[in-house]
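# Coordinate analysis (summary)
Each chain, letter by letter, is given below.
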Amino acid sequence: MRHLAFTIAAVAMLAPAAMLPVGQGGAAIAAETKKAMPYYGSIAAGRARMRTGPARSYPASWLYQRPDLPVRVLAAFKEWRKVEDPDGTQGWMLAALLSERRTAIVKGGRPIEMRERPFPGARLMWRAEPGVVGRLSQCAGGWCRFDVKGQAAFVETRDLWGVEPGEALP
């Protein structure tokens, strides 16, 4: 059985803040702010700063260097989103740095089983280490299809941060 292991790359921001790209128009931002909160999304950018408030003038508290890291969007203010990361850290990010793509991260202190089909007796395909991030689809009945860089199988939602146990996804 293969093991998939990745580590979270969130580092404290110590350098002065740089300008960040803004890539969404007003209509897209307005539509997203009407979405029911909280909801899950992910970091779209290769480098995303979390700030202590909803403007570039607020200090950056973290620099995330891990695209697809799941986040929970808690609030919206103009083009800013208040997010929570898997460790519970909260702060503000530009909406342009986020995606609605659903991802999750393996939680806990042990590898989880990735199965061929969504039930406990199905053939074991892989094991994923804590901290592994993958893309979600086909969530139902407490299971989700979890794709880690092309290696996809079903995992139980209780082992993931980024999806609720009873949630259904296409």
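An account of the accompanying structure is given in this report. Quick caveat: nothing in here was measured; it's all calculated off a predicted structure.

## Considerations on the overall build of the chain
Along the chain, the regular secondary structure elements total one helix and 16 strands. Residues counted as buried form 42% of the 170 residues belonging to the chain. When contacts within the chain are restricted to residue pairs at least 6 apart in sequence, those whose partners lie at least 24 apart make up 62%. Carbon and sulfur atoms make up 54% of the accessible area of the chain, which totals about 8500 Å².

## Overview of the state of the cysteines
Per the stated rule, a full pass over the model turns up one disulfide. Note that Cys139 is cross-linked by a disulfide to Cys144, the S-S spacing being 1.8 Å. Judged by the sign of its S-S torsion, about 115°, the cystine formed by Cys139 and Cys144 is right-handed. Residue class for Cys139 comes out buried when judged on its relative accessible area of 2%.

## Brief notes about the packing of aromatic side chains
Per the counting criterion, the structure on display carries one aromatic pair. Ring geometry for Tyr40 and Trp161: centres 5.4 Å apart, planes at 90°, overall edge-to-face. Here the residue Tyr40 occupies a position in strand S3 (residues 39–43), and Trp161 occupies one in strand S16 (residues 160–161), the gap between them amounting to 121 residues. Each of the two residues, Tyr40 as well as Trp161, counts as buried. Its guanidinium or amino end placed over the ring of Tyr39, Lys35 lies 4.4 Å from that ring's centre, counting from NZ or CZ.

## Considering the pairing of strand S10 (residues 103–106)
Covered by surrounding structure in S10 are Thr103 and Ile105 together with Ala104 and Val106, the residues of both alternating faces. Bridging between S10 and S16 involves two bridges; their strand directions are antiparallel. Within the sheet, the bridge partner assigned to Val106 lies in S16 and is Leu160.

## A look at the nonpolar core
Among the nonpolar cores identified, the biggest contains 20 residues, and Ile43, Tyr64, Leu69, Val83, Met93 and Leu98 are the most heavily contacted of them. Elements with a minimum of two residues in this core: S3, strand S4 (48–51), strand S6 (70–77), strand S7 (80–84) and strand S8 (90–94). Those residues in contact with Leu69, other than ones at most four positions away along the chain, are Gly41, Ser42, Ile43, Tyr64, Pro86, Thr103, Ile105 and Val133. One finds Met114, Cys139, Cys144 and Leu160 within the second-largest nonpolar core, a separate group that totals 17 residues.

## Digging into the pattern of salt bridges
One pass over the full model with this rule turns up 10 salt bridges. Close ionic contact of Arg110 with Asp159 constitutes a salt bridge, the shortest N to O distance being 3.4 Å. Linking Arg110 in the loop between S10 and strand S11 (112–115) with Asp159 in the loop between strand S15 (151–156) and S16, this pair joins segments that are 49 residues apart in sequence. Residue classification places Arg110 among the partly exposed positions, given a relative accessible area of 46%. Take Asp159: its relative accessible area is 12%, and that puts it in the buried class. In this structure, Glu113 engages Arg115 in a salt bridge whose closest nitrogen and oxygen atoms are separated by 2.5 Å. In this structure, a network of salt bridges that share partners links the residues Asp68, Arg101 and Arg135.

The rules behind the values
Residues numbered from 1 in each chain as written. Predicted model: local features only at pLDDT ≥ 70, side-chain atom pairs only at ≥ 80, totals over all residues. Heavy atoms only, no water. Helix = DSSP H or I, 4+ residues; strand = E, 2+ residues; numbered from the N terminus. Buried < 20%, exposed > 50% of the residue type's maximum accessible area, 1.4 Å probe, protein only. Contact = heavy atoms within 4.5 Å. Areas by Shrake-Rupley, 256 points an atom, 1.4 Å probe, with all protein chains shown as cover. Disulfide = S-S within 2.5 Å. Phe/Tyr/Trp six-rings, centres within 6.5 Å; stacked < 30°, edge-to-face > 60°. Lys NZ or Arg CZ within 6 Å of the ring centre and 35° of its normal. Pairing = 2+ DSSP bridges. Core = buried A, V, L, I, M, F, W, Y, C linked by side-chain atoms within 4.5 Å. Salt bridge = Lys/Arg side-chain N within 4 Å of Asp/Glu carboxyl O.

Shape descriptors only; they carry no functional weight alone.
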